[in-house]
Amino acid sequence: MANVAAIIGGGVIGGGWAARFMLMGWTVRVFDPDPEAQRKIGEVIANARAALPGLSDVALPDEGRLSFHDTMSEAVEGAGWIQESVPERLDLKHRVFATLQQHCPTDAIIGSSTSGFKPSELQQGSSRPEQIVVAHPFNPVYLLPLIELVPSPANPPQLIARAKDILTGIGCYPLHVRKEIDAHIADRFLEAVWREALWLIKDGIATTEEIDNAIRYGFGLRWAQMGLFETYRIAGGEAGMRHFIEQFGPCLSWPWTKLMDVPDLTDDLIDAVADQSDAQSGAFSIRELERIRDNNLVSILRGLKAQNWGAGKLLNAQDKRISRLPERLSDIADLSQPILTVDRAVPVDWTDYNGHMNEARYLQAFSDATDRFMALVGVDSDYISGGASFFTAETHIRHIDEVHAGTRISVKSQCLTAEGKRLHLFHQMFDGARLLATAEQMLIHVSLGTRRSSLPGSEVAARMATVQAAHAPLERPAGAGAAIGVRPA
Ligand SMILES: NC(=O)c1ccc[n+]([C@@H]2O[C@H](COP(=O)([O-])OP(=O)(O)OC[C@H]3O[C@@H](n4cnc5c(N)ncnc54)[C@H](O)[C@@H]3O)[C@@H](O)[C@H]2O)c1
């Protein structure tokens, strides 16, 4: 089946699913009876376009087509994945499944975004229960990788395996919940924290803002990268988890939680929460808050990417899966032209106060291009750990046109010399056909043992010679060898 996703219900969550599938190259077909659905989804997709491509260090697949349909039967036509995200009411979800199962392909996977219903509850009364599974996402669906994939015994293992493959393919992390349970795994935690927070407000201990500060300045940051148990293991000191449990275990029987008791949601409590929240965040519209949230998430996730840890490790794996950059010289169809060495969107954390790409990031993009070129001639991490590498001796960057956050940039790299110890490259950065910047770099091959220049190994030398011969007939680029301040005519 072609990569077609049907989105049934396009609110906050359905819109996020639509954006993720579409930006990952799937054709997306939406059914939502709300006359405003098209506008709302359009706004979510605009936010997703500003955020998701910047999370990646390679270009995303070409965007899939998005269409809106008046009937469910039309929307599910040819769909391989159907995501139900209608309001959280069991009777409504049952009616929706009944209609869509009359029309959808029998081998399509029907994922439900339900926050709390068990898959066996969703499957009740269905003609093909085996087709329906919980695929519970987190808002914003286009940025957060976690999907709780909850099957019931009715779902065959092949369907679960296929669901995992598809979710992984669109950059998600399917957490296979081994036994169905109300509210799955993550919402149980959120529910517990929310209950405690409501008590703290009701008892006058803290305001909404103080509670948020208690989370985001402290344990929220720890949770974002290590979760609960890995964090507590460290908190136990050298004696680790066992010591932590011995030290803090007894507190579990002290009155440190109101968890068994739920505050009455009286008008007074609701007013207090709503008023405090207005005072805390009312200066921003919801769309502004969403953009602030997305930029914060992208920055945190990119930080984790640099450490190849937690959610950042998932993102690195996804970049590797979707990258269209050549890995080996043999991947390049036409070696007689400059080589594509960077193809990516400019992320938010690469821009300065003018909204322009920061100067240092030009060097970053060009040095990524050089790294890719080096890897293509065989100077990869294995070669470098074998004791030799290229060191950059000189760089000359020319800034030619403006570059903004979100711009998809590509770098084409031309080899001017690749001989002996010298690798002389000329990179050109483009937005489509528009030239944005160039960089000329001279690199010297170095022994990491002596820290002195040295000749490369024979395989690397042979690959350098191949590229040099292929690029020799190319015209010398305008600007190559120019001194600073000299513009080519
Ligand atoms: N909001 C969250 O943070 C969140 C997170 C994870 C999962 N969920 C789950 O996602 C689902 C949707 O929640 P939401 O927050 O997006 O709600 P929402 O109210 O924002 O969106 C629901 C959408 O469904 C549409 N709809 C109503 N009846 C329909 C029908 N018969 N057919 C097709 N569309 C219909 C509505 O017009 C609306 O656009 C719920 O099951 C919820 O539990 C929500």
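The sections below set out a description of the structure shown in this document. Keep in mind that this is a model prediction, so the values were computed, not measured. (Residues numbered from 1 in each chain as written. Predicted model: local features only at pLDDT ≥ 70, side-chain atom pairs only at ≥ 80, totals over all residues. Heavy atoms only, no water.)

As for empty space enclosed by the protein
Summary: where empty space remains is shown by rolling a probe the size of a single water molecule over the atoms.
And step 1. By the definition in use, this model includes 1 cavity of 30 Å³ or more.
And step 2. The computed volume of the largest cavity comes to approximately 100 Å³.
And step 3. Lining the largest cavity are 14 residues, and of these M24, L52, L55, L315 and Q318 lie nearest its centre.
And step 4. It is helix α13 (residues 311-322) that contributes the most residues to the lining of the largest cavity, 4 residues altogether.
And step 5. When its residues are assigned to classes, the lining of the largest cavity shows 9 nonpolar, 3 polar and 2 charged. (1 Å grid on protein atoms, 1.4 Å probe; cavity = no way out; pocket = protein on both sides within 12 Å on 5 of 7 lines; lining within 4 Å. Points joined across faces, edges and corners; volume = space filled by probe spheres on them. Helix = DSSP H or I, 4+ residues; strand = E, 2+ residues; numbered from the N terminus. Nonpolar A, V, L, I, M, F, W, Y, C, P; charged D, E, K, R; others polar.)

Here we look at a negative patch on the surface
And step 1. On the surface, a cluster of negative charge is contributed by D267, D268, D271, D275 and D278.
And step 2. Within the element layout of this structure, D271 appears in helix α11 (residues 267-281).
And step 3. According to the relative accessible area criterion, D271 is partly exposed, its value standing at 43%. (Patch = residues over 30% accessible without salt bridge, like charges linked within 9 Å, V, L, I, M, F, W, Y side chains within 5 Å. Areas by Shrake-Rupley, 256 points an atom, 1.4 Å probe, with all protein chains shown as cover. Salt bridge = Lys/Arg side-chain N within 4 Å of Asp/Glu carboxyl O. Lys, Arg positive; Asp, Glu negative; His and termini not counted. Charge placed at Lys NZ, Arg CZ, Asp CG, Glu CD. Buried < 20%, exposed > 50% of the residue type's maximum accessible area, 1.4 Å probe, protein only.)

Focus: the layout of surface pockets
And step 1. Its boundaries defined by the atoms lining it, the second largest pocket holds a volume of some 760 Å³.
And step 2. Contributing to the lining of the second largest pocket are 28 residues, with D57, V58, L325, D368 and R372 lying nearest its centre.
And step 3. Elements supplying a minimum of two residues to the lining of the second largest pocket: α13, β9 (339-345) and α14 (359-376).
And step 4. A total of 7 residues in the lining of the second largest pocket trace back to one element, the largest contributor, which is α14.
And step 5. By residue class, the composition of the lining of the second largest pocket is 8 nonpolar, 5 polar and 15 charged.

A short note on the sheet that holds strand β8 (residues 173-176)
And step 1. With respect to topology, 8 strands assemble into an open sheet ordered β3-β2-β1-β4-β5-β6-β7-β8, the strand pairing being mixed. The open sheet has two free edges, formed respectively by β3 (66-68) and β8, since each of these has just one partner strand. For this sheet, the mean angle separating the axes of adjacent strands, direction not counted, is 25 degrees.
And step 2. As defined by bridge partners, strand β6 (residues 132-136) adjoins strand β7 (residues 146-150) across 3 bridges and the pair is classed as antiparallel. (Pairing = 2+ DSSP bridges. Axes fitted to C-alpha atoms, helices over the stretch in contact; angles between N-to-C directions.)

A few points about helix α8 (residues 208-226)
And step 1. Here α8 contains 19 residues, and its C-alpha end-to-end distance of 25 Å stays within 8% of the 27 Å for a straight helix at 1.5 Å per residue.
And step 2. Taken as a whole, α8 carries its principal kink of about 55 degrees at F219.
And step 3. Looking at the residues trailing α8, positive phi occurs at G227, about 75 degrees. (Expected span 1.5 Å × (residues − 1). Bend = angle between axes of the 7 residues up to and from the residue.)

Looking at the side chain of Q83
And step 1. As for its placement among the helices and strands, Q83 is situated in strand β4 (residues 81-84).
And step 2. Polar contacts involving the side chain of Q83 include one to the main-chain carbonyl oxygen of A135, which spans 3.3 Å.
And step 3. Excluding its chain neighbours within four sequence positions, the residues that come into contact with Q83 are A6, I7, I8, W17, G111, S112, S113 and A135. (Polar contact = N/O pair within 3.5 Å; in protein donor to acceptor, adjacent residues only side chain to side chain. Contact = heavy atoms within 4.5 Å.)

A word on the packing of aromatic side chains
And step 1. All told, the structure shown has 6 aromatic pairs when counted by the stated rule.
And step 2. When the ring of F21 is compared with that of W81, the centres are 6.5 Å apart and the planes differ by 45 degrees; the resulting orientation is tilted. Of this pair, F21 sits in helix α1 (residues 12-23) while W81 sits in strand β4, and the two are 60 residues apart along the sequence.
And step 3. Overall, W81 belongs to the buried group, its relative accessible area being 0%.
And step 4. An angle of 65 degrees between the planes, with centres 4.7 Å apart, marks the rings of F219 and W223 as edge-to-face. Residue F219 and its partner W223 are located together in helix α8, separated by 4 residues, close to a single helical turn.
And step 5. Among the aromatic side chains, those forming a connected cluster through ring pairs are W17, F21, W26 and W81.
And step 6. Cation over ring: R344 sits above W350, and NZ or CZ is 4.3 Å from the ring centre. (Phe/Tyr/Trp six-rings, centres within 6.5 Å; stacked < 30°, edge-to-face > 60°. Lys NZ or Arg CZ within 6 Å of the ring centre and 35° of its normal.)

Digging into the site of the ligand
And step 1. By nearness alone, 23 residues border the ligand, and I13, D32, E88, K93 and S115 come closest of all.
And step 2. V12 is positioned such that a nitrogen or oxygen atom in its backbone is 3.1 Å from an oxygen atom of the ligand.
And step 3. Separating an oxygen atom of the ligand from a side-chain N or O atom of E88 is a distance of 2.6 Å.
And step 4. For the ligand, whose free accessible area comes to 830 Å², the fraction covered by protein is 73%. (Near = heavy atom within 4 Å.)

Quick notes on the packing of helix α2 (residues 37-51) against helix α12 (residues 286-306)
And step 1. Where α2 meets α12, the closest approach of the two axes is 10 Å, and the angle between their N-to-C directions is 30 degrees. When the interaxial angle is binned, α2 and α12 end up roughly parallel. The chirality of how α2 crosses α12 is right-handed. Contacts between α2 and α12 involve K40, E43, N47 and A51 from the first element and R287, E290, R291, D294 and V298 from the second.
And step 2. Here the residues of the contact of α2 with α12 are counted per class, giving 2 nonpolar, 1 polar and 6 charged. (Parallel < 35°, antiparallel > 145°, perpendicular 65-115°, else oblique. Left-handed = near helix turned anticlockwise from the far one by under 90°.)

Things to note about the environment of T341
And step 1. Tracing the backbone shows T341 in strand β9.
And step 2. The exposure class assigned to T341 is buried, which follows from its relative accessible area of 2%.
And step 3. A sequence separation of 71 residues divides T341 from K412, and the C-alpha atoms of the two residues are 5.9 Å apart.
And step 4. The contact partners of T341, leaving out residues within four places of it in the chain, are L325, D368, A369, R372, F373, V411 and S413.
And step 5. Here the side chain of T341 touches S413 through a polar contact of 2.7 Å, side chain to side chain.

What to know about the sheet that holds strand β11 (residues 408-419)
And step 1. With respect to topology, 5 strands assemble into an open sheet ordered β9-β11-β12-β13-β10, the strand pairing being antiparallel. Only two strands of the sheet have a single neighbouring strand rather than two, namely β9 and β10 (388-399). With strand direction ignored, the average angle separating the axes of adjacent strands in the sheet is 25 degrees.
And step 2. As paired strands, β11 and strand β12 (residues 422-431) are joined by 9 bridges and run antiparallel to one another. Across the sheet, residue Q414 finds its bridge partner in β12, namely F426.
And step 3. Docked against the sheet, α14 engages β9, β10, β11, β12 and β13 (434-447), running at close to 125 degrees with respect to β12.
And step 4. In the packing of helix α16 (residues 458-471) onto the sheet, the strands contacted are β9, β10, β11 and β12, and the crossing angle to β11 comes to about 105 degrees.

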